[in-house]
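Chain and residue survey
Listed below are the residues making up each chain.
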Amino acid sequence: MRVQRPEYPAAVKVSLAFVGLALACLAVADLSISTLDPWTELQRMAWGLLTPDFLAIPSLWDALLKTVSFALCGVALGASAGFLLAQAFHWGPVRWLCAFVRAVHEIFWAFILLQIFGLTPLTGILAIAIPYAGICAKVYSETLEEAPAAALALLPAGSSRISAFFFVRLPDVWVHIKNYTSYRFECGLRSSAVLGFIGLPTLGFHLETAFGEGLYSEAAALLMIFYLLIATLRYWMRPRLLPLYVLAAPFLLGAGAEMQMSNLLRFFTQDIIPAPLRNADLGAAETWQALAEWLQYLWSQQALPGMIATVVLTQIALVATGLLALGFFPLISRQFMGPVGRRLGHVFLVVLRSTPEFILAYVFLQLWGPSMLPAVVALALHNGAIIGHLLGRYSDQLRLRPDASRGINRYGYEILPRLYGQYLAFLFYRWEIIMRETAILGILGIATLGFYIDSALSEIRLDRVVLLILFTATLNIGIDSLSRQIRQRLRLSHQIRET
Amino acid sequence: MFHLSEESFGYRDTPVLKKISLQIQPGEKVALVGESGSGKSTLLSLLYQRHRPDCAYVPQEPALVRSLSVFHNVYMGQLDRHNSAYNLLNLAWPRKKQVAAIRTLLKSLGLEDKIFTRAGELSGGQQQRTAVCRALFQGGPALLADEPVSAADLNHAEQSLSAMTAHFETLILAMHDVDLALAYTQRVIGIRHGRVVLDAPTQGLTRQDLAFVYRDAGAEA
């Protein structure tokens, strides 16, 4: 006999479609473990983690100061530029420019800036400031739209725009802007640390050295200092001290930002011009023939395989993130845990949230060798912890009837149905961020777009680098707009900060 | 000063005002009465849109900037009289002259002690008086006020209404409270279902004369 079942809601159907897609991606993904003896190495790492050696790194404090300084300068510059750009965000070209600069990852910006400024502080500062300006502009402008429209409509007819801005538009949303900026600063600390992996003198630089030489006690000390830095953020990042910090930071980074016009000129007029066009006869048919072949090669041998791998990895990581988040959030939720359990859950999630995906992936790569596995695990752990944290906080606000079920029944019948929409919204916001990160992980040897960009860079073929970065940005913008459409279709809330 | 002839107005497909004709001269103090939903607010905001440069306006929702002080919210009524630099200076360090002027106005509304309290921390009635004070500070020939004393007790309501009648030559008040409306105005316009159903001098009018304006909505058909 046929039993009549309710039809699944659209949100569930979309989720199942994503899971199906991820399973299909799993079939083509390379998830092998290629190292000979991953377990011994894991034991050594675990031992290192238990015996952190804080004294082994003489330049530890310097690295710490530099990490904070890069983040400060980068975020201060990026947030200020973003604030100005937000004022013109309704203008199409500004919106497109911001979408583009934030679609390119900090590390890719650093790759480009390295060619112009060399390994100088300016490279690190701008690598953070440029994409952050794009992100901040978008969030600030969305925030400013929440200003009290009724008060604005009441101003005397001849009030100047500047007065109206500071009296009506800004005051009520200022606290949101402040909170978002301090969240951005935390992200900036992570970005700054990761920039060390490409040579800037931040924590990442020492971390890579320590891991590379198998000095796991040193690496553990570096990571713990980094967690401590982030965990104590609210104690040392006081609004009153901020001007002092911002003024001091550039001095701590030292000189060396000597910009050479010749470099800049060479970069734009030589380096990034496609090789077949350089010093070529633009009137000759062969030149264009060569360009077509060059593009054909780049597209079929690098861009396309890179994009496919990036999408495959992103889809698997997205679903894995979602699954982990569902498992993580009860750890910090009042609905499921007592005070002690919650405290432990918080520590666990804070550690995972504070470790940049890049560093997690780097560690797992040392363990398992280059395949998509370390990347998937790293992305899922980091992003799963972020979404788990947000969901946990959200679930605390839910009011249940006093006789509501407990344990797994409460999870399935009371909590999950109530926060599923929010959960999907968080995930779809994260989608684009996971993809940005996926592309970057190619630098570690996984065949996503970053892999081809890194290879082209080491062959000093900047024309390819720039074109591949453009492809990456386009892919990102595409995912961003797809995610927005799905969110609108499912009517998921569109005001979520701090994701 | 205000002039409407056979004007209709609505949101989307729902007509709110139907063929309204009105003539209000400078110097008149007019009460708009009618049930909620009769079209009073729409009529007031329509008049405000048309005459914005000459009018101060007290909307039903006080429309304050919650994180700024009462002083700054009131000062906003004169943002157009000073240059931006002065306005910003006054935002960061309130100018003595402005504080003194606004303190006097607040005093007349019984709100002097709240001058540097954030608007978001005030009670509903205090917020309403702040909005009234902003309109007083803005000044001008005419004031349009939409239920400006709906959240006030009688004492405060009388303070606010006296201040408004003293400050503005022309006044249009949308009022729920008929007795107060009759006490502070010289002309009453009754609105029902978006039409003017009464337009008479206040003198000699009683509560009973106005009752039909409020009569049950079904009766009209």
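Rules of the game
Residues numbered from 1 in each chain as written. Chains lettered and ligands numbered in written order. Predicted model: local features only at pLDDT ≥ 70, side-chain atom pairs only at ≥ 80, totals over all residues. Heavy atoms only, no water. Helix = DSSP H or I, 4+ residues; strand = E, 2+ residues; numbered from the N terminus. Rg over C-alpha atoms; globule rule 2.2 N^0.38 Å. Buried < 20%, exposed > 50% of the residue type's maximum accessible area, 1.4 Å probe, protein only. Areas by Shrake-Rupley, 256 points an atom, 1.4 Å probe, with all protein chains shown as cover. Lys, Arg positive; Asp, Glu negative; His and termini not counted. Charge placed at Lys NZ, Arg CZ, Asp CG, Glu CD. Contact = heavy atoms within 4.5 Å. Pairing = 2+ DSSP bridges. Buried area = accessible area lost by both parts, 1.4 Å probe. Polar contact = N/O pair within 3.5 Å; in protein donor to acceptor, adjacent residues only side chain to side chain. Nonpolar A, V, L, I, M, F, W, Y, C, P; charged D, E, K, R; others polar. Phe/Tyr/Trp six-rings, centres within 6.5 Å; stacked < 30°, edge-to-face > 60°. Lys NZ or Arg CZ within 6 Å of the ring centre and 35° of its normal. Core = buried A, V, L, I, M, F, W, Y, C linked by side-chain atoms within 4.5 Å. Domains from an automatic or database assignment. Salt bridge = Lys/Arg side-chain N within 4 Å of Asp/Glu carboxyl O. Axes fitted to C-alpha atoms, helices over the stretch in contact; angles between N-to-C directions. Parallel < 35°, antiparallel > 145°, perpendicular 65-115°, else oblique. Left-handed = near helix turned anticlockwise from the far one by under 90°. Disulfide = S-S within 2.5 Å.

The next thing to look at is the overall build of chain A. Secondary structure assignment for chain A yields 21 helices and 0 strands. Relative to the 2.2 N^0.38 estimate, which gives 23 Å for 499 residues, the radius of gyration of chain A is 24 Å and therefore close to what a compact globule would have. Principal-axis analysis of the C-alpha atoms places the extent of chain A at approximately 80 × 75 × 60 Å. Across the 499 residues of chain A, 52% fall into the buried class. For chain A, the accessible surface area stands at approximately 23,700 Å², while carbon and sulfur atoms represent 65% of it. For chain A, the distance from the average position of its 37 positive side-chain charges to the average position of its 31 negative side-chain charges is 14 Å.

Next up on the list: the overall build of chain B. The secondary structure content of chain B amounts to 8 helices and 8 strands. Relative to a compact globule of 221 residues, whose C-alpha radius of gyration would be 17 Å, chain B shows 18 Å and is just as compact. With the C-alpha coordinates aligned to their principal axes, the bounding extent of chain B is approximately 60 × 35 × 30 Å. In chain B, which comprises 221 residues, the share counted as buried stands at 52%. Considering only intrachain contacts with a sequence separation of at least 6, the fraction spanning at least 24 residues in chain B is 65%. When the accessible area of chain B is evaluated, it comes to approximately 10,200 Å², of which 50% is carbon and sulfur surface.

Residues and elements named next belong to chain B. Here 7 bridges tie strand 1 (residues 2–11) to strand 2 (residues 14–24), and the two strands are oriented antiparallel to one another. Note on strand 2: the bridge partner recorded for Gly 10 is Pro 15. The antiparallel hairpin formed by strand 1 and strand 2 contains 2 residues in its connecting segment, where Arg 12 sits at a positive phi of about 50 degrees.

A few words on the interface of chain A and chain B. Between chain A and chain B, the contact holds 19 residues from the first and 25 residues from the second. For the pair chain A and chain B, the summed buried surface comes to about 1,700 Å²; carbon and sulfur atoms form 67% of the total. Contact with chain B buries surface across chain A, with Leu 154, Pro 156 and Phe 167 of chain A losing the most and accounting together for 42% of the total. There are 7 residue pairs in polar contact (both at pLDDT 80 or more) connecting chain A and chain B. Of all the secondary-structure elements, those providing two or more residues to the side of chain A that touches chain B are helix 7 (149–154) and helix 8 (161–169) of chain A. Of the residues belonging to the side of chain A that touches chain B, the class tally is 14 nonpolar, 4 polar and 1 charged.

A few words now on the packing of aromatic side chains. All names here are of chain A. One pass over the full model with this rule turns up 30 aromatic pairs over all chains. Residues Phe 197 and Tyr 362 carry aromatic rings whose centres are separated by 5.2 Å and whose planes lie at 65 degrees to one another, so their mutual orientation is edge-to-face. With Phe 197 in the loop between helix 9 (174–195) and helix 10 (203–212) and Tyr 362 in helix 17 (residues 357–368), the pair connects residues that are 165 residues apart, well separated along the chain. Note on accessibility: Phe 197 and Tyr 362 belong to one class, buried. An aromatic cluster is built from Phe 83, Tyr 140, Phe 165, Phe 166, Tyr 180 and Tyr 183, whose rings are joined through pairwise contacts. The ring of Tyr 429 carries Arg 487 above its face, with NZ or CZ at 4.1 Å from the centroid.

Looking now at the nonpolar core. If you look at the biggest cluster of nonpolar residues, it comprises 150 residues, and the most contacted ones within it are Ile 107, Phe 185, Leu 189 and Tyr 423 of chain A. When we break this core down by domain, the ones giving at least three residues each are domain 1 (10–51 + 278–499) and domain 2 (58–271) of chain A. When sequence neighbours within four positions are dropped, the list of residues in contact with Leu 189 of chain A reads Thr 67, Val 68, Ala 71, Phe 226, Leu 229, Ile 230, Leu 233 and Trp 236 of chain A. In this structure, Leu 79, Leu 109, Ala 119 and Val 213 of chain B belong to the second largest nonpolar core, which totals 56 residues.

Here we take up the domain arrangement of chain A. Residues and elements named next belong to chain A. Partitioning chain A into structural domains gives domain 1 (10–51 + 278–499) and domain 2 (58–271). For domain 1 and domain 2, the distance between their C-alpha centres works out to 22 Å. The interface of domain 1 with domain 2 comprises 42 residues on the first partner and 39 residues on the second. Interface area, domain 1 with domain 2, both sides summed: about 3,800 Å², of which 67% is carbon and sulfur. In this structure, Arg 102 and Asp 480 form a salt bridge, with 3.9 Å as the shortest nitrogen-oxygen distance. Linking domain 1 to domain 2 there are 12 residue pairs in polar contact (both at pLDDT 80 or more). Looking at the side of domain 1 that touches domain 2, the elements with two or more residues in it are helix 2 (38–50), helix 16 (339–354), helix 17, helix 19 (407–441), helix 20 (449–458) and helix 21 (462–489). Partitioned by chemical class, the residues of the side of domain 1 that touches domain 2 number 19 nonpolar, 11 polar and 12 charged.

Bringing the pattern of salt bridges into the picture now. All names here are of chain A. Following the criterion strictly, the structure yields 17 salt bridges over all chains and no others. Residue Arg 334 is joined to Asp 396 by a salt bridge in which the shortest nitrogen-to-oxygen separation is 3.8 Å. Placement of Arg 334 in the loop between helix 15 (285–328) and helix 16 and of Asp 396 in helix 18 (residues 372–396) is noted, with a sequence separation of 62 residues between them.

Turning our eyes to something else, we now look at the sheet that holds strand 3 (residues 29–33) of chain B. Residue and element names in this part refer to chain B. A sheet is described by the order of its strands in space; here 6 strands give the open sequence 4-5-6-3-7-8, paired in mixed fashion. The strands lining the two open edges of the sheet, one partner per strand, are strand 4 (55–58) and strand 8 (195–201). Strand-to-strand twist in this sheet, taken as the mean axis angle between neighbours without regard to direction, amounts to 15 degrees. The pairing of strand 3 with strand 6 (residues 170–175) spans 5 bridges and is parallel. Looking at the pairing, Val 30 lines up with Ile 172 of strand 6. Relative to the sheet, helix 1 (residues 40–50) contacts strand 3, strand 4, strand 5 (142–146), strand 6 and strand 7 (187–192), its axis offset from that of strand 5 by approximately 150 degrees. Strands in contact with helix 6 (residues 154–167) are strand 3, strand 5 and strand 6; relative to strand 6, the strand with the most contacts, it is inclined by about 150 degrees.

If you want to describe how two helices pack, look at the angle between their axes and the distance between the axes. Residues and elements named next belong to chain A. At a minimum axis distance of 11 Å, the contact between helix 6 (residues 121–144) and helix 9 shows a crossing angle of 155 degrees. As far as their axial angle goes, helix 9 and helix 6 are roughly antiparallel. In terms of crossing hand, the pair formed by helix 6 and helix 9 is right-handed. Each of Gly 124, Ala 127, Ile 128, Tyr 132, Ile 135, Cys 136, Val 139, Tyr 140, Thr 143 and Leu 144 in helix 6 lies in contact with helix 9, whose residues at this interface are His 176, Ile 177, Tyr 180, Thr 181, Arg 184, Cys 187, Gly 188, Ser 191, Ser 192 and Leu 195.

Attention now moves to the state of the cysteines. For the structure on display, the rule yields 0 disulfides over all chains. Its sulfur unpaired, Cys 136 of chain A is 9.3 Å from the next cysteine sulfur, which belongs to Cys 187 of chain A. Relative accessible area serves as the criterion here: at 1%, Cys 136 of chain A is assigned to the buried category. Unpaired in terms of disulfides, Cys 133 of chain B finds its nearest cysteine sulfur in Cys 55 of chain B, a separation of 18 Å.

Okay, unusual backbone geometry next. Residues and elements named next belong to chain B. Residues other than glycine seldom take positive phi values, yet Lys 19 does so here, at roughly 45 degrees. Structurally, Lys 19 is set in strand 2. One non-glycine residue with positive phi stands out, namely Ala 63, at about 55 degrees. Positionally, Ala 63 belongs in the loop between strand 4 and helix 2 (70–75).

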